[in-house]
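The chain contents come next:
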Amino acid sequence: MVIPTSWPLALAATVPATPATVTPATVTPGLDLQASFEAALQGFGLSPGAAHLLWLPLPMVLVLVAAVVGVLVNVWLERKISAAVQQRVGPEYAGALGILQPMADGLKLLFKEDIIPARADGLLFTLGPVLVLIPVILSWLVVPFGQHLLISNVGIGIFLWISLSSIQPIGLLMSGYASNNKYSLLGGLRAAAQSISYEIPLALAVLAVVLMSNSLSTVDIVDQQTGAGILSWNIWRQPVGFLIFWICALAECERLPFDLPEAEEELVAGYQTEYAGMKFALFYLGSYINLVLSALLVSVLYLGGWGFPVPVEWLAGWLGQPVDAPLVQLITASVGIVMTVLKAYLLVFLAILLRWTTPRVRIDQLLDLGWKFLLPIALVNLLVTAGLKLAFPAFFGG
């Protein structure tokens, strides 16, 4: 029992002694970038308010930089992996191993002429790609790379991502409608139907993880997976939910075999048919950012996020430092970022392999998979998770 110092000593003496209890080792709270940044600025004489104002734009800049770098890496990986699958060399002249090829592609699209069809709705035609890209970038705000290494630890972080991702089909449908083109309109309608079909099982799969974690916060979901290292990851307790989430995420990103809204053989390029230049590039930017985001969220929900097998206490003991020492905090934060990104790009690698090893399905098969198979299985998975939570609370977050 903790006694405040303001209590009289006589009252303190009357408190019965409690038996000593052994408290389990707690996980280190991690490196707090905001507190460290503001403390450094205050050391230069700035007021706390001014230091906080200087911090505010930095997270969004970091998100934009991380998203753009992720896209460049993704495009390069897509080209090299697809070349390896087809026994080709792939890009090799634009920089070492072709690493500058994505930048060359971006510059080419940047300088292309921006064309708006004569009978298109100019306002909606321009707003469509913007509505596709902005929600995806905003979703990065809730992705944690460490205990304090995220932009916004809101209590409903994972459902905030689901709500933002539901805005994207509006932009696709708007782009198809505003283009005044039948192929574009069909592509936009397909995108809306596909998104609705796969959003529901995806949300149910997430709800099963939330049920075990007792929280909608992405940080709390990762913390719940840190008890026994790799054995405490949610993928062992939610293998069906993991498969449902990954299939639905690929459908949301319109990756093969789910790229029906822009199928070249049927719709020329779907909702992208009339777009050129940077407006066309925004669609691809949103698609690749969404792929990396989905892989990061799979890592957070099912693969332990920033967690790694070696406990922090062991690492601190090897270094002869306390757990909250700056050196230990820096090492754990760095390893946490590496682990999160490594798990995510392993999933990106699998998504790229799927593109070159699976055929495209028909639109009726795609909708049947979402409504007739994934939705009932996701409902059963949620009910089974609730039952196991009641029966085995120690293992399923009771």
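Refer to the structure presented above.
Read on for a plain summary of the structure. In this text, all values refer to a predicted model and were calculated from it rather than measured experimentally.

1. Describing the overall build of the protein chain
And step 1. For the protein chain, the helix and strand inventory stands at 17 helices and 0 strands.
And step 2. Residue pairs at least 24 apart in sequence account for 76% of intrachain contacts in the protein chain once pairs closer than 6 positions are excluded.
And step 3. With an accessible surface of roughly 20100 Å², the protein chain has 73% of that area assigned to carbon and sulfur atoms.

2. Details of the packing of aromatic side chains
And step 1. The full count for this structure, using the stated rule, is 8 aromatic pairs.
And step 2. Ring centres of Tyr198 and Phe258 lie 5.8 Å apart, and the angle between their planes is 55 degrees; this geometry places the pair in the tilted category. With Tyr198 in helix 9 (residues 182–213) and Phe258 in the loop between helix 12 (239–252) and helix 13 (264–267), this pair connects stretches of sequence that are 60 residues apart. Exposure class is identical for Tyr198 and Phe258. Each is buried.
And step 3. A centroid spacing of 5.2 Å and a plane angle of 50 degrees characterise the contact between Phe280 and Tyr284, whose relative ring orientation is tilted. Residue Phe280 and its partner Tyr284 are located together in helix 14 (residues 277–302), separated by 4 residues, close to a single helical turn.
And step 4. Each residue in the set Phe125, Tyr271, Tyr275 and Phe283 is aromatic and connected to the rest through ring pairs, giving one cluster.

3. Some words on the pattern of salt bridges
And step 1. For the structure on display, the rule yields 6 salt bridges.
And step 2. The salt bridge involving Arg355 is made with Glu78; its shortest N-O contact spans 3.0 Å. With Arg355 in helix 16 (residues 326–357) and Glu78 in helix 4 (residues 57–85), the pair connects residues that are 277 residues apart, well separated along the chain.
And step 3. Of the residues examined, Glu78 reaches a relative accessible area of 5% and is grouped as buried.
And step 4. Close ionic contact of Arg79 with Asp105 constitutes a salt bridge, the shortest N to O distance being 2.7 Å. Of this pair, Arg79 sits in helix 4 while Asp105 sits in helix 5 (residues 101–110), and the two are 26 residues apart along the sequence.
And step 5. Given a relative accessible area of 32%, Arg79 falls into the partly exposed group.

4. Section: unusual backbone geometry
And step 1. At Leu97, a position not held by glycine, the phi torsion is positive, near 60 degrees.
And step 2. With respect to the secondary-structure elements, Leu97 resides in the loop between helix 4 and helix 5.
And step 3. With phi around 60 degrees, Asn214 is a residue other than glycine that occupies positive phi space.
And step 4. With respect to the element layout, Asn214 can be found in the loop between helix 9 and helix 10 (218–223).

5. Notes on the packing of helix 8 (residues 168–178) against helix 9
A pair of packed helices is characterised by two quantities: the angle between their axes and the separation of those axes.
And step 1. Two numbers describe how helix 8 lies on helix 9: the axes approach to 7 Å, and their chain directions differ by 165 degrees. As summarised for this structure, helix 8 and helix 9 are arranged roughly antiparallel, according to the angle between their axes. Judged by the sense of rotation from one axis to the other, the crossing of helix 8 with helix 9 is left-handed. Along its contact with helix 8, which presents Pro169, Leu172, Leu173, Gly176 and Tyr177, the element helix 9 presents Ser184, Leu185, Gly188, Leu189, Ala191, Ala192 and Ser195.
And step 2. Of the residues that constitute the contact of helix 8 with helix 9, the class distribution is 8 nonpolar, 4 polar and no charged.

6. Focus on the environment of Ala203
And step 1. Examined against the element boundaries, Ala203 turns out to sit in helix 9.
And step 2. Taking the C-alpha atoms as reference points, Ala203 and Leu375, 172 residues apart in sequence, are found 10.0 Å from one another.

7. Some details on the nonpolar core
For soluble globular proteins, nonpolar side chains are generally found buried alongside one another.
And step 1. Judged by nonpolar contacts, the single largest core of 65 residues is most densely connected at Trp140, Trp161, Val206, Phe245, Ile289, Leu301 and Tyr302.
And step 2. If you list the elements that add at least two residues to this core, you get helix 4, helix 6 (122–139), helix 7 (157–165), helix 9, helix 12, helix 14, helix 16 and helix 17 (363–391).
And step 3. The element that contributes the greatest number of residues to this core is helix 14, accounting for 12 residues.
And step 4. Apart from residues lying up to four places away in sequence, Val206 is in contact with Ile158, Phe159, Trp161, Ile162, Phe245 and Leu301.

8. Thoughts on the packing of helix 12 against helix 17
And step 1. Helix 17 packs onto helix 12 with a crossing angle of 145 degrees between their chain directions and a minimal axis gap of 10 Å. Crossing angle aside, the handedness with which helix 12 passes helix 17 is left-handed. Here Val240, Gly241, Ile244, Ile247 and Cys248 of helix 12 lie close against helix 17, whose contacting residues are Leu369, Leu374, Ile377, Ala378 and Asn381.
And step 2. Along the lines of polarity and charge, the residues of the contact of helix 12 with helix 17 split into 8 nonpolar, 2 polar and no charged.

9. Brief notes about helix 14
And step 1. Over its 26 residues, helix 14 runs 38 Å from end to end, which matches the ideal 38 Å to within 8%, given 1.5 Å per residue.
And step 2. Positive backbone phi, at 80 degrees, marks Gly304, one or two positions downstream of helix 14.

10. Comments concerning the environment of Lys112
And step 1. Looking at the secondary structure, you find Lys112 in the loop between helix 5 and helix 6.
And step 2. Through-space distance from the C-alpha of Lys112 to that of Gly277 is 4.8 Å; in sequence the pair is 165 residues apart.

11. With respect to the side chain of Gln168
And step 1. Following the sequence through the fold, Gln168 ends up in helix 8.
And step 2. Assessed through its relative accessible area of 8%, Gln168 is described here as buried.
And step 3. Among the polar contacts made by the side chain of Gln168, one reaches the side chain of Asn290 at a distance of 3.4 Å.
And step 4. The contact partners of Gln168, leaving out residues within four places of it in the chain, are Leu131, Val132, Val136, Glu252 and Asn290.

Definitions and limits used
Residues numbered from 1 in each chain as written. Predicted model: local features only at pLDDT ≥ 70, side-chain atom pairs only at ≥ 80, totals over all residues. Heavy atoms only, no water. Helix = DSSP H or I, 4+ residues; strand = E, 2+ residues; numbered from the N terminus. Contact = heavy atoms within 4.5 Å. Areas by Shrake-Rupley, 256 points an atom, 1.4 Å probe, with all protein chains shown as cover. Phe/Tyr/Trp six-rings, centres within 6.5 Å; stacked < 30°, edge-to-face > 60°. Buried < 20%, exposed > 50% of the residue type's maximum accessible area, 1.4 Å probe, protein only. Salt bridge = Lys/Arg side-chain N within 4 Å of Asp/Glu carboxyl O. Axes fitted to C-alpha atoms, helices over the stretch in contact; angles between N-to-C directions. Parallel < 35°, antiparallel > 145°, perpendicular 65-115°, else oblique. Left-handed = near helix turned anticlockwise from the far one by under 90°. Nonpolar A, V, L, I, M, F, W, Y, C, P; charged D, E, K, R; others polar. Core = buried A, V, L, I, M, F, W, Y, C linked by side-chain atoms within 4.5 Å. Expected span 1.5 Å × (residues − 1). Polar contact = N/O pair within 3.5 Å; in protein donor to acceptor, adjacent residues only side chain to side chain.

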